[in-house]
Structure formats: C-alpha cells, structure tokens
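# Chain and residue survey
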Amino acid sequence: NAGVTQTPKFQVLKTGQSMTLQCAQDMNHNSMYWYRQDPGMGLRLIYYSASEGTTDKGEVPNGYNVSRLNKREFSLRLESAAPSQTSVYFCASSGRTGDGYTFGSGTRLTVV
Amino acid sequence: DQQVKQNSPSLSVQEGRISILNCDYTNSMFDYFLWYKKYPAEGPTFLISISSIKDKNEDGRFTVFLNKSAKHLSLHIVPSQPGDSAVYFCAASAWANKFGQGTRLTINP
C-alpha cells in the first residue's frame, strides 16, 4: 500500500548540475503532477500529465522537463540546476476529476 | 496572479473549541474546492472537498462551506484536537489543483 513514492528524499546539487527526480504511483491513477513548495508561496504546479502519453506546463515550468514514462511513473528533470530551484518538490496523482490528490513525501533539493 | 488566497498565515485555537480556516478565490471557473493538511517533512494529505454546485460538505469533525457569491470557502473543525495542529492548504480545481499559501493551525491544550 505504497501510494506515491518519490526518490530521492534529499539532494544537494552544484549550480549547473543536472538530476532527475523520480515518482511512481501504484493506484492506477490517470493524472500525475509535480509541485514545488517554497516558504509563503504554497504549492505551485510545475508540470502535469492528465494521462499516459501527455504532459502540460503548469505555473512555473521554466528550467524543468518531465517524462511520463508509463501510467505509473512521472519524472522531473533539472537540466542545469540554479539556486532558485532550491525547494521541496512534491509528486502527486489523482483518479477522477474532483478527487483529492495523493502526494508523495517530497524531495528536499538544495542548489549551491 | 494569486487566484487562491489564504490571508491568515497562522491561527491558534484552544483544544475542544472550533477552528475556522478561511480561503478566497478569484476565478469563477473553478469546479471543485479542496482542503489538505500537511505535517512537517510529509506530503499534504487530502481532507475534504466540495463541488461548486454545493454550499456545504461534512465529514466527521470537518465541514467545508462554500459561498460562491463572495468567492469564499471555509473549513470548520469541531471539536479541535491537538493532532489537528498542522499547516492547512485550500485548493481550487480547474484542470489541476491551485493552492493557497497555507495557514498554520496550532491547537493549545
């Protein structure tokens, strides 16, 4: 009964390095999302995938790319990390419209 | 553009009393409204939702009220318990959840 699993939990990057955040869900949900949480800003949508094979930009997509590898997995890639990307990243999934999201436990990323 | 706003960063309530968390929105196209609870170092957890065609939804100690004319929703927790201490986010849904900034609720014994 894992729900949404995110890896890694913590990561420190140097400016300019790249990395991929992994997310997998086992609830057979169609939709998956990537959010970032910054102090005083709530959660802001980076990218989402309404179904397998589709991805769309959210509010703050610059500097990120995503891949919906299959129905279970949705990864987020930082090609050239910047200090402004220091944040906590959450992956989420949902079934039907109006259903609450199930979130992973987050990845705390620091870019120095 | 802050389409979903929680104007109170924090709220302190005595155990057993009612907690009322507020949220305002600007976009009439939202079709669902949701509340999430978040503990430190964990992801948000879905609490309760309401469709835009309703004005009240209740689930145990939690009730959400929606006032469409005022573009305002609120979450009532009765009675408040120490385990309710957390950050609460409201969200409004069109094609994806748009979140407010969060309100930190502290329940005092």
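Everything quoted here is computed from the prediction, not taken from an experiment.

### Concerning the overall build of chain B
Within chain B one finds zero helices and eleven strands. Relative to its length of 109 residues, chain B is compact, with a C-alpha radius of gyration of 13 Å against a globular reference of 13 Å. The principal-axis extents of the C-alpha atoms in chain B amount to approximately 40 × 25 × 20 Å. Taken over 109 residues, chain B has a buried fraction of 47%. Summarising the internal contacts of chain B: among those between residues at least 6 apart in sequence, 53% fall at separations of at least 24.

### Regarding the sheet that holds strand S1 (residues 4–5) of chain B
Residues and elements named next belong to chain B. If you walk across this open sheet you meet the five strands as S1-S3-S8-S7-S6, and the pairing is antiparallel. With partners counted over all chains shown, the strands left at the sheet margins are S1 and strand S6 (56–59), one partner each. Summarising the sheet, S1 and strand S3 (residues 19–25) pair through two bridges and their orientation is antiparallel. Its bridge partner being in S3, Val4 is matched across the sheet by Tyr25.

### Considerations on the interface of chain A and chain B
For interface size, the figure often reported is the accessible area lost on association. With 19 residues of chain A at the contact, the number on the chain B side is 19 residues. For the chain A and chain B pair, buried surface summed over both sides reaches about 1,500 Å², with 61% attributable to carbon and sulfur atoms. There are one salt bridge connecting chain A and chain B. Residue Glu59 of chain A is joined to Lys98 of chain B by a salt bridge in which the shortest nitrogen-to-oxygen separation is 2.6 Å. Viewed at the interface, chain B and chain A are joined by four residue pairs in polar contact (both at pLDDT 80 or more).

### Topic: the sheet that holds strand S3 (residues 19–25) of chain A
Residue and element names in this part refer to chain A. An order of S1-S3-S8-S7 is seen for the four strands of this open sheet, with the pairing classed as antiparallel. Pairing within the sheet leaves two strands with one partner each, and these edge strands are strand S1 (4–7) and strand S7 (64–68). Direction aside, neighbouring strands of the sheet carry axes that sit 15° apart on average. Across four bridges, S1 lies against S3 in antiparallel orientation. Across the sheet, the residue bridging to Val4 is Gln25, located in S3.

### Observations regarding a nonpolar patch on the surface
The grouping of Ile18, Ile20 and Val78 of chain B at the surface amounts to a nonpolar patch, some 230 Å² of accessible area in total. Structurally, Ile18 of chain B can be placed in the loop between strand S2 (10–14) and S3.

### A word on the side chain of Arg68 of chain A
Residues and elements named next belong to chain A. By the secondary structure assignment, Arg68 is in strand S7. Glu52 is the oppositely charged side chain nearest to the buried, salt-bridge-free Arg68, at an N-O distance of 6.4 Å. Side-chain polar atoms of Arg68 contact the backbone oxygen of Asn30, separated by 2.9 Å. A distance of 2.7 Å separates polar atoms of two side chains, one belonging to Arg68 and the other to Ser49.

### Looking at the pairing of S7 of chain A
Residues and elements named next belong to chain A. The side-chain alternation of S7 yields one buried face, formed by Tyr64, Val66 and Arg68, and one unburied face, formed by Asn65 and Ser67. In the sheet, S7 pairs with strand S8 (residues 74–78) via five bridges, with the strands oriented antiparallel. By the bridge assignment, Val66 is partnered in S8 with Leu76. Adjacent in sequence and paired antiparallel, S7 and S8 are bridged by five residues.

### Section: the environment of Asp26 of chain A
All names here are of chain A. For Asp26, the position within the fold is in the loop between S3 and strand S4 (31–38). Through-space distance from the C-alpha of Asp26 to that of Leu45 is 21 Å; in sequence the pair is 19 residues apart. Here the side chain of Asp26 touches Gly3 through a polar contact of 3.0 Å, landing on its backbone nitrogen.

### Notes on the packing of aromatic side chains
Residue and element names in this part refer to chain B. Applying the stated rule across the entire model yields 18 aromatic pairs over all chains. Seen from their ring centres, Tyr36 and Phe46 are 5.9 Å apart, and the 65° between their planes marks the pair as edge-to-face. One end of the pair, Tyr36, is in strand S4 (residues 32–38); the other, Phe46, is in strand S5 (residues 45–51), and ten residues separate them in sequence. Residue classification places Tyr36 among the buried positions, given a relative accessible area of 0%. With relative accessibility at 31%, the residue Phe46 sits in the partly exposed group. With centroids separated by 5.3 Å and ring planes inclined at 45°, the aromatic side chains of Tyr36 and Phe99 adopt a geometry described as tilted.

Calculation criteria
- Residues numbered from 1 in each chain as written.
- Chains lettered and ligands numbered in written order.
- Predicted model: local features only at pLDDT ≥ 70, side-chain atom pairs only at ≥ 80, totals over all residues.
- Heavy atoms only, no water.
- Helix = DSSP H or I, 4+ residues; strand = E, 2+ residues; numbered from the N terminus.
- Rg over C-alpha atoms; globule rule 2.2 N^0.38 Å.
- Buried < 20%, exposed > 50% of the residue type's maximum accessible area, 1.4 Å probe, protein only.
- Contact = heavy atoms within 4.5 Å.
- Pairing = 2+ DSSP bridges.
- Buried area = accessible area lost by both parts, 1.4 Å probe.
- Salt bridge = Lys/Arg side-chain N within 4 Å of Asp/Glu carboxyl O.
- Polar contact = N/O pair within 3.5 Å; in protein donor to acceptor, adjacent residues only side chain to side chain.
- Axes fitted to C-alpha atoms, helices over the stretch in contact; angles between N-to-C directions.
- Patch = residues over 30% accessible without salt bridge, like charges linked within 9 Å, V, L, I, M, F, W, Y side chains within 5 Å.
- Areas by Shrake-Rupley, 256 points an atom, 1.4 Å probe, with all protein chains shown as cover.
- Lys, Arg positive; Asp, Glu negative; His and termini not counted.
- Phe/Tyr/Trp six-rings, centres within 6.5 Å; stacked < 30°, edge-to-face > 60°.

That is the geometry; function is a separate question.
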